[in-house]
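Residue-level structure breakdown
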Amino acid sequence: MNDFVTWQKTAQAHTEAVLQQMLPETALAPQGLHEAMRYAALDGGKRLRPMLVLAAAELGNRVQAACEAALAAVECIHVYSLVHDDMPEMDNDTLRRGKPTCHVAYGAATALLVGDALQTLAFELLSRQTDLPAARQLRMLNVLARASGSTGMAGGQAIDLANVGHDLPQDALEQMHSLKTGALIRAAVQLGALSCPDVDEAALAALDEYAAKLGLAFQVIDDVLDCAADTTTLGKTAGKDADADKPTYVKLLGLDAARGYAEQLAADAINALATFDARATRLRELAEFTVGRKF
């Protein structure tokens, strides 16, 4: 486990360094927008999605530039979604990653533009020239686009907002979260693997099964932590989902059963990696980390 913690810290630091380099500098006009983009994206977060990119890229001979573009792109999409989700028109939150949310710090209009700019930056990064075959690079763009749109993350958020105050059966709840949370986690794993020209279709399919289970496990634990952890630990407002009467796994299953379900999903994710050798160690450890996290 100590070896994983060292790798995790190295991956997080590498992600921070790549984002520092790839985000627009604050000296570049419009300075205020670029400052707010960097405020939202830097210095915080678990960086789970970039870690998944890096871990999946260990399965083959990755093209380094493509891998770094992928980890930055997937984090830009994730941060954009957080900035928009926190706004008053959505979840109306004031704390994210232990600091004031973007719209609190910079105003609603700037926060809206921050999300827009981070989203488009993600696709700019993925489209930059690398040594990856063109068809592979185009596939990476397609994977991220589908994961981000109306049949992915944005669609899941729309379903979530439409069901405030409603009780959803488990299959509908899982469908919602497979889009809202799971789609981008699946994309992160696919992007890391696709940055390796030698990772084949059979491996990509197994990785997608792993990521689908992991995405659900992540959301179940998120629901557990929303009930069981405090605001300081989470770095965001605890109890928001319950206060907003949102459908959650804890509401549906109860706290202990929800935690047990997350552990089963993580075990299923690890089982999906059975055909891989030790190069999938980090992916296995990330599944264990996901269900064992405290924030």
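Scroll up for the structure.
These numbers come from a predicted model, not from an experiment. (Residues numbered from 1 in each chain as written. Predicted model: local features only at pLDDT ≥ 70, side-chain atom pairs only at ≥ 80, totals over all residues. Heavy atoms only, no water.)

Observations regarding the overall build of the protein chain
In plain terms, the rule: The helix count covers DSSP runs of H or I at least four residues long, the strand count covers runs of E at least two residues long, and both are numbered beginning at the N terminus. Our radius of gyration is a C-alpha quantity, and the globule rule it is checked against amounts to 2.2 Å times the number of residues to the power 0.38. Accessibility here uses a 1.4 Å probe with only protein chains present; expressed as a share of the type maximum, an area under 20% marks a residue as buried, one over 50% as exposed, and anything in between as partly exposed. Two residues form a contact once any of their heavy atoms are found within 4.5 Å.
What the protein chain contains, in helices and strands, is 16 helices and 2 strands. Against the globule reference of 19 Å for 295 residues, the protein chain gives a C-alpha radius of gyration of 18 Å, in line with a compact fold. Judged by the C-alpha coordinates and their principal axes, the protein chain covers about 50 × 50 × 35 Å. Split into buried and exposed, the 295 residues of the protein chain put 54% on the buried side. Residue pairs at least 24 apart in sequence account for 74% of intrachain contacts in the protein chain once pairs closer than 6 positions are excluded.

Brief notes about the packing of helix H7 (residues 134-148) against helix H10 (residues 182-194)
We count it as follows: Think of each axis as a best-fit line through the C-alpha atoms, taken over the contacting stretch in the case of a helix, with angles from 0 to 180 degrees between the N-to-C directions. In this scheme, roughly parallel covers angles under 35 degrees and roughly antiparallel covers those over 145, while 65 to 115 is roughly perpendicular and the rest are oblique. Note on residue categories: nonpolar means Ala, Val, Leu, Ile, Met, Phe, Trp, Tyr, Cys or Pro, charged means Asp, Glu, Lys or Arg, and polar means any other residue, Gly included.
Here H7 crosses H10 at 170°, and the two axes come no closer than 9 Å. The orientation of H7 relative to H10 falls into the category roughly antiparallel. Within the contact between the two elements, H7 uses Arg136, Arg139, Met140, Val143, Leu144 and Ala147 and H10 uses Ala183, Leu184, Ala187, Gln190, Leu191, Ala193 and Leu194. Residues that form the contact of H7 with H10 fall into these classes: 10 nonpolar, 1 polar and 2 charged.

Concerning the layout of surface pockets
This is how the line gets drawn: Grid spacing is 1 Å over the protein atoms alone, the probe is 1.4 Å, and a cavity is where that probe fits but cannot get out, while a pocket is an open set with protein on both sides within 12 Å along at least five of seven lines and lining residues have an atom within 4 Å of a point. Grid points are joined across faces, edges and corners, and a volume is the space filled by probe spheres set on the points.
Volume-wise, the second largest pocket comes out at about 300 Å³. Along the wall of the second largest pocket there are 13 residues; nearest its centre are Arg146, Ala147, Ala183, Arg186 and Asp208. Those elements that provide at least two residues to the lining of the second largest pocket are H7, helix H9 (170-180) and H10. Grouping the amino acids of the lining of the second largest pocket by side-chain chemistry returns 5 nonpolar, 4 polar and 4 charged.

A word on the side chain of His34
The topology assignment puts His34 in helix H2 (residues 31-41). Taking relative accessible area as the criterion, His34 reaches 8% and is therefore assigned buried. For His34, the residues in contact, after removing those within four places along its chain, are Pro24, Glu25, Thr26, Leu28 and Ala29.

Observations concerning the nonpolar core
As a reminder of what qualifies: Remark: nonpolar core denotes a set of buried residues (Ala, Val, Leu, Ile, Met, Phe, Trp, Tyr, Cys) joined through side-chain atoms within 4.5 Å.
By size, the foremost hydrophobic cluster in this structure holds 81 residues, and its most contacted members are Leu52, Val114, Leu126, Leu144, Tyr210, Leu283 and Leu286. Apart from the residues within four sequence positions on either side, Leu52 is in contact with Ile185, Ala188, Val189, Tyr210, Leu214, Leu283 and Leu286.

Section: the side chain of Gln8
Counting through the fold element by element, Gln8 comes out in helix H1 (residues 2-22). Setting aside chain neighbours within four positions, we find Gln8 in contact with Met51 and Phe289.

Considering the pattern of salt bridges
What counts is decided by this rule: Salt bridges are counted wherever a side-chain nitrogen of Lys or Arg sits within 4 Å of a carboxyl oxygen of Asp or Glu.
Within this structure, the stated rule accounts for 14 salt bridges. For Lys246, the salt bridge is made with Asp91, and the minimal N-O distance between the two is 2.9 Å. Within this pair, whereas Lys246 is found in the loop between helix H13 (240-243) and helix H14 (249-253), its partner Asp91 is found in the loop between helix H4 (64-85) and strand S1 (95-96), the two being separated by 155 residues in sequence. Classification of Lys246 by relative accessible area gives buried; the value is 8%.

Structural notes on the environment of Tyr80
For Tyr80, the location among the structural elements is in helix H4. We classify Tyr80 as buried; its relative accessible area is 11%. When the C-alpha positions of Tyr80 and Gln129 are compared, they lie 24 Å apart, and in sequence the two are 49 residues distant. For Tyr80, the contacting residues outside a window of four places in its chain are Gly115, Leu118, Gln119 and Met153.

Focus: the packing of aromatic side chains
Quick note on the threshold: Any pair of Phe, Tyr and Trp rings, taking the six-membered ring for Trp, is counted once the centres come within 6.5 Å. Such a pair is stacked with planes under 30 degrees apart, edge-to-face with planes over 60 apart, and tilted for the rest. In this scheme, Lys NZ or Arg CZ marks a charge over a ring once it lies within 6 Å of the ring centre and within 35 degrees of the ring normal.
Per the stated rule, a full pass over the model turns up 4 aromatic pairs. Considering the side-chain rings of Phe4 and Phe289, the 6.0 Å spacing of their centres and the 50° angle between planes classify their relative orientation as tilted. Of this pair, Phe4 sits in helix H1 while Phe289 is found in helix H16 (residues 281-292), placing the two residues 285 residues apart along the sequence. You'll find Phe4 and Phe289 in the same group, each marked buried. Put simply, the rings of Phe4, Trp7 and Phe289 pair up and form one aromatic cluster. If you follow Arg49 out to its NZ or CZ, it ends over the ring of Phe218, 5.3 Å from the centre. Positioned above the aromatic ring of Tyr39, the side-chain terminus of Lys99 is 4.3 Å from the ring centre.

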